[in-house]
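Spelled out from the first residue to the last, the chains are:
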Amino acid sequence: QVQLVESGGGLVQPGGSLRLSCVASGTQRMFIINTMGWYRQAPGKQRELVAAITSGGSTNYADSVKGRFTISRDNAKNTAYLQMNSLKPEDTAVYYCNAPVLILGVGEYDSWGQGTQVTVSS
């Protein structure tokens, strides 16, 4: 119904930067997303919250990325961004976009993107 599609991942050297994008799209005439978030999952590790942002602009970051990553969004475009600076090898993971999606006349469900790979290596 409503899909989240991530893009912007790739291979970068330590200290480099990447900007991830997450676009929510669907055929519904109206859907509402309050909070959008970025999660990541490294091989052999649990998926963890990286950053989240509300439609009002309130943000939350994992301690490991504070000062390096910045989450933002364009409500008109239903798009969230994750600017990642000073990347470290430990940032290597598949990054997923997540959002509770309210579809009028249907209900609310937790939507996940398919992920985009971020690899930080020299």
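In what follows, the structure referred to is the one given above.
First, a word on what this report is: a plain description of the structure on this page. Remember, it's a predicted structure, so these values are computed and weren't measured experimentally.

## Some points on the pattern of salt bridges
Thinking step 1. Across all of its chains, the model carries four salt bridges by this definition.
Thinking step 2. With a shortest N-O distance of 2.9 Å, Arg 40 and Asp 91 are connected by a salt bridge. Linking Arg 40 in strand β5 (residues 36-41) with Asp 91 in the loop between β9 (79-84) and β10 (93-103), this pair joins segments that are 51 residues apart in sequence. For the pair Arg 40 and Asp 91, one class covers both residues: buried.
Thinking step 3. A salt bridge links Asp 91 to Arg 68; its shortest N-O distance comes to 2.7 Å. You can see Asp 91 sitting in the loop between β9 and β10 and its partner Arg 68 sitting in the loop between β7 (59-61) and β8 (69-74), a full 23 residues away along the chain.
Thinking step 4. One network of salt bridges, with partners in common, ties together Arg 40, Glu 48, Arg 68 and Asp 91.

## With respect to the pairing of strand β12 (residues 116-120)
Thinking step 1. The side-chain alternation of β12 yields one buried face, formed by Thr 116, Val 118 and Val 120, and one unburied face, formed by Gln 117 and Thr 119.
Thinking step 2. Pairing of β10 with β12 involves three bridges; the strand directions are antiparallel. Bridging from a neighbouring strand, Ala 93 pairs with Val 118 of β12.

## Examining unusual backbone geometry
Thinking step 1. Positioned with a positive phi, Asn 78 is a non-glycine residue whose angle comes to about 50°.
Thinking step 2. On the secondary structure map, Asn 78 appears in the loop between β8 and β9.

## Some points on the nonpolar core
Thinking step 1. Trp 38, Val 50, Phe 69, Leu 82, Met 84 and Tyr 95 are the most contacted members of the largest nonpolar core, which has 31 residues in total.
Thinking step 2. If one sorts the elements of this core by residue count, β10 sits on top with six residues.

## Notes on the state of the cysteines
Thinking step 1. Under the defined criterion, the tally for this structure stands at one disulfide.
Thinking step 2. Between the sulfur atoms of Cys 22 and its disulfide mate Cys 97 the distance is 2.0 Å. The disulfide joining Cys 22 to Cys 97 has a torsion of about -80° about its S-S bond and is therefore left-handed. Of this pair, Cys 22 sits in strand β3 (residues 18-26) while Cys 97 sits in strand β10, placing them 75 residues apart in sequence. Cys 97 shares its class with Cys 22; the two are buried.

Criteria and thresholds
- Residues numbered from 1 in each chain as written.
- Predicted model: local features only at pLDDT ≥ 70, side-chain atom pairs only at ≥ 80, totals over all residues.
- Heavy atoms only, no water.
- Salt bridge = Lys/Arg side-chain N within 4 Å of Asp/Glu carboxyl O.
- Helix = DSSP H or I, 4+ residues; strand = E, 2+ residues; numbered from the N terminus.
- Buried < 20%, exposed > 50% of the residue type's maximum accessible area, 1.4 Å probe, protein only.
- Pairing = 2+ DSSP bridges.
- Core = buried A, V, L, I, M, F, W, Y, C linked by side-chain atoms within 4.5 Å.
- Disulfide = S-S within 2.5 Å.

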